[in-house]
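# Summary of structural features
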Amino acid sequence: RFAWLVVNSIRQTPALAGCTPASFINAVMLASNMGLEIRRNSAYLIPYNKECQLLIDYRGKLDLARRAAQCRR
């Protein structure tokens, strides 16, 4: 599923193919480690010049906060 979401992101934003491989993999791995899916209303891969950045939507941040609060209980 995660691989499908990454491929779908590249289809939606063709400029991601021009990003450096290291920055692209770093952004994808960061999303994976945080448990976020790269999809609408969660997290996005955004190309800045030749670098790929992970942008976390506010709903993705809410999801992270809920999970953190559940871990404290």
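Residues numbered from 1 in each chain as written. Predicted model: local features only at pLDDT ≥ 70, side-chain atom pairs only at ≥ 80, totals over all residues. Heavy atoms only, no water.

## Quick notes on the layout of surface pockets
- Of the volumes computed, that of the largest pocket is approximately 180 Å³.
- Along its surface, the largest pocket is lined by L5, N8, S9, Q12, T13, I38, R39, R40, A43, Y44, L45 and I46.
- When residues of the lining of the largest pocket are traced back to their parent elements, those giving at least two are α1 (2-12) and β1 (43-48).
- Of the residues assigned to the lining of the largest pocket, the class counts are six nonpolar, four polar and two charged. (1 Å grid on protein atoms, 1.4 Å probe; cavity = no way out; pocket = protein on both sides within 12 Å on 5 of 7 lines; lining within 4 Å. Points joined across faces, edges and corners; volume = space filled by probe spheres on them. Helix = DSSP H or I, 4+ residues; strand = E, 2+ residues; numbered from the N terminus. Nonpolar A, V, L, I, M, F, W, Y, C, P; charged D, E, K, R; others polar.)

## Here's the deal with the nonpolar core
- Counting 14 residues, the largest nonpolar core has L16, F24, V28, I38, L45, C52 and L54 as its most contacted members.
- Mapped by element, the contributors of at least two residues to this core are α2 (21-34), β1 and β2 (51-56).
- For this core, the element with the highest residue contribution is α2, accounting for four residues.
- Those residues in contact with C52 that lie beyond four places of it in its chain are L16, C19, S23, F24, A27, L45 and I46. (Core = buried A, V, L, I, M, F, W, Y, C linked by side-chain atoms within 4.5 Å. Buried < 20%, exposed > 50% of the residue type's maximum accessible area, 1.4 Å probe, protein only. Contact = heavy atoms within 4.5 Å.)

## Describing the pairing of β1
- With six bridges connecting them, β1 and β2 associate as antiparallel partners. When the sheet's bridge partners are listed, Y48 is paired in β2 with E51.
- From the end of β1 to the start of β2, which pair antiparallel, there are two residues, and N49 there has a positive phi angle of about 55°. (Pairing = 2+ DSSP bridges.)

## A few points about the pattern of salt bridges
- Tallied over the entire structure, the rule returns three salt bridges.
- E37 is paired through a salt bridge with R1; the nearest N and O atoms lie 2.8 Å apart. Of this pair, E37 sits in the loop between α2 and β1 while R1 sits in the segment before α1, and the two are 36 residues apart along the sequence.
- Residue D63 is joined to R67 by a salt bridge in which the shortest nitrogen-to-oxygen separation is 3.0 Å. A residue pair is termed a helical-turn pair when its members lie 3 or 4 positions apart in one helix, as D63 and R67 do in helix α3 (residues 58-72) at four residues.
- Residues joined by salt bridges that share partners form a network here, namely R1, E37 and R39. (Salt bridge = Lys/Arg side-chain N within 4 Å of Asp/Glu carboxyl O.)

Function-wise, these values are silent; they only describe arrangement.
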